[in-house]
Structure formats: structure tokens, C-alpha cells
Amino acid sequence: LKYSVKSRLFFVRGDATSAMDLGRARADVADAIFLMADRSAADQDAQDHLTTLRAITSRRTNPDIKIYVQLLQPENKSLILAAGVEARNVMAMNQLRLGLLGLGVGCPGFPTV
């Protein structure tokens, strides 16, 4: 392989609203950033709003970065789209979960695959 995954992909635990953490992640030169929501958060709407703030901060740090976002509530998708994230790069966990449940009704056993 021309480019090894080990030299190009790394995980940084931190907060994307923190300039220091974005600096550690080298977001200013990164090709993409994945913003993961805290699925154990008590207030899912507040968590999605914080994820939107992280997307805005990441975009300010690097205007060319591809942002991939995990939301908890599909109702908050309009917020993240307004922050400049492409619709195809947004995944709502509850929507995914219900979609798989629906597929299980039409095709028993599908969600376990």
C-alpha cells in the first residue's frame, strides 16, 4: 500500500470545542473528522446541540475538512446541516435503530446479520 492506515488514521479523545484538543488532533491539516455523540447522555437534544457546536468549531479550524457526524435524535439533523455538514455525512442513531427494526419486520433475521 502506498499509504499505511497506521500513519494516516488516529483516534484522539477530547472535545472538538477545545482549541488545544483540535491542535492535538491536527485538525488544521486533517482530511476528515468524525464527531461521535455520547450515547449515554441524559439529555439527547443537548448532546446533539453540543455536537453541532463541535462541527462549527471544526469547520472554523479547517474550512476544507470533511465532517462526519453521529447524532442521537433525527429531529436535530437540520441544525447540523445548517452548520455546513453534508446530509450524506450525518447518521442519526435512533433513526438507524428504528430502520433496522423495521427491516426485521419485513425480513425476519435481517438485523442479526
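Residues numbered from 1 in each chain as written. Predicted model: local features only at pLDDT ≥ 70, side-chain atom pairs only at ≥ 80, totals over all residues. Heavy atoms only, no water.

Let's talk about the sheet that holds strand β2 (residues 66-71)
Sheet strands pair by backbone hydrogen bonding; their relative direction is either parallel or antiparallel.
Point 1. Strand order across the open sheet formed by three strands is β1-β2-β3, with parallel pairing between neighbours. If you trace the sheet from one side to the other, it starts and ends with β1 (32-35) and β3 (90-92), each paired once. Between one strand axis and the next, the sheet turns by 10° as a mean value, whatever way the strands run.
Point 2. For β2 and β3, the ladder comprises three bridges, and the chain directions are parallel. (Pairing = 2+ DSSP bridges. Helix = DSSP H or I, 4+ residues; strand = E, 2+ residues; numbered from the N terminus. Axes fitted to C-alpha atoms, helices over the stretch in contact; angles between N-to-C directions.)

Focus: the pairing of β1
Point 1. Going residue by residue along β1, you find Ile33 and Leu35 tucked away on one face and Ala32 and Phe34 left uncovered on the opposite face.
Point 2. Bridging between β1 and β2 involves four bridges; their strand directions are parallel. When the sheet's bridge partners are listed, Ala32 is paired in β2 with Lys66.
Point 3. For the crossover from β1 across helix α3 (residues 44-61) to β2, the handedness is right-handed. (Buried < 20%, exposed > 50% of the residue type's maximum accessible area, 1.4 Å probe, protein only. Right-handed = clockwise from strand over helix to strand, strands pointing away.)

Let's talk about the nonpolar core
Point 1. Ranked by size, the top nonpolar core spans 13 residues in total, and within it Ile33, Leu35, Ala55, Ile67, Val69, Ile80 and Val85 carry the most contacts.
Point 2. Breaking this core down by element, the ones donating at least two residues are β1 and β2.
Point 3. Considering every element that reaches this core, the biggest residue donor is β2, with three residues.
Point 4. If sequence neighbours within four positions are ignored, Val85 has contacts with Ala55, Ile67, Val69, Ile80 and Val90. (Core = buried A, V, L, I, M, F, W, Y, C linked by side-chain atoms within 4.5 Å. Contact = heavy atoms within 4.5 Å.)

So, the environment of Arg59
Point 1. In this structure, Arg59 sits in helix α3.
Point 2. Exposure remark for Arg59: the relative accessible area of 22% places this residue in the partly exposed category.
Point 3. Separated by 31 residues in sequence, Arg59 and Asp28 have C-alpha atoms that sit 9.4 Å apart.
Point 4. The residues contacting Arg59, other than those within four sequence positions of it, are Asp64, Ile65, Ile67 and Gly84.
Point 5. Separated by 2.8 Å, the side chain of Arg59 and the backbone oxygen of Ile65 make a polar contact. (Polar contact = N/O pair within 3.5 Å; in protein donor to acceptor, adjacent residues only side chain to side chain.)

So, the confidence of the model for the protein
Point 1. In this model, the protein carries a mean pLDDT of 84, and residues with pLDDT of at least 70 account for 83%.
Point 2. When mean pLDDT is taken per element in the protein, β2 scores highest with 93 and helix α1 (residues 5-8) scores lowest with 67. (pLDDT = per-residue confidence, 0-100.)

Re the pattern of salt bridges
Point 1. According to the stated counting rule, one finds three salt bridges in the structure shown.
Point 2. Between Asp21 and Arg24 there is a salt bridge, with the nearest N and O atoms lying 3.2 Å from each other. Of the two residues, Asp21 and Arg24 are both situated in helix α2 (residues 19-24); the distance of three residues between them amounts to about one turn of the helix.
Point 3. In this structure Asp21 comes out as buried when scored by relative accessible area, which is 15%.
Point 4. Among the ionic pairs, Glu86 bridges to Arg88, the shortest N-O distance being 2.8 Å.
Point 5. Residue class for Arg88 comes out exposed when judged on its relative accessible area of 71%. (Salt bridge = Lys/Arg side-chain N within 4 Å of Asp/Glu carboxyl O.)

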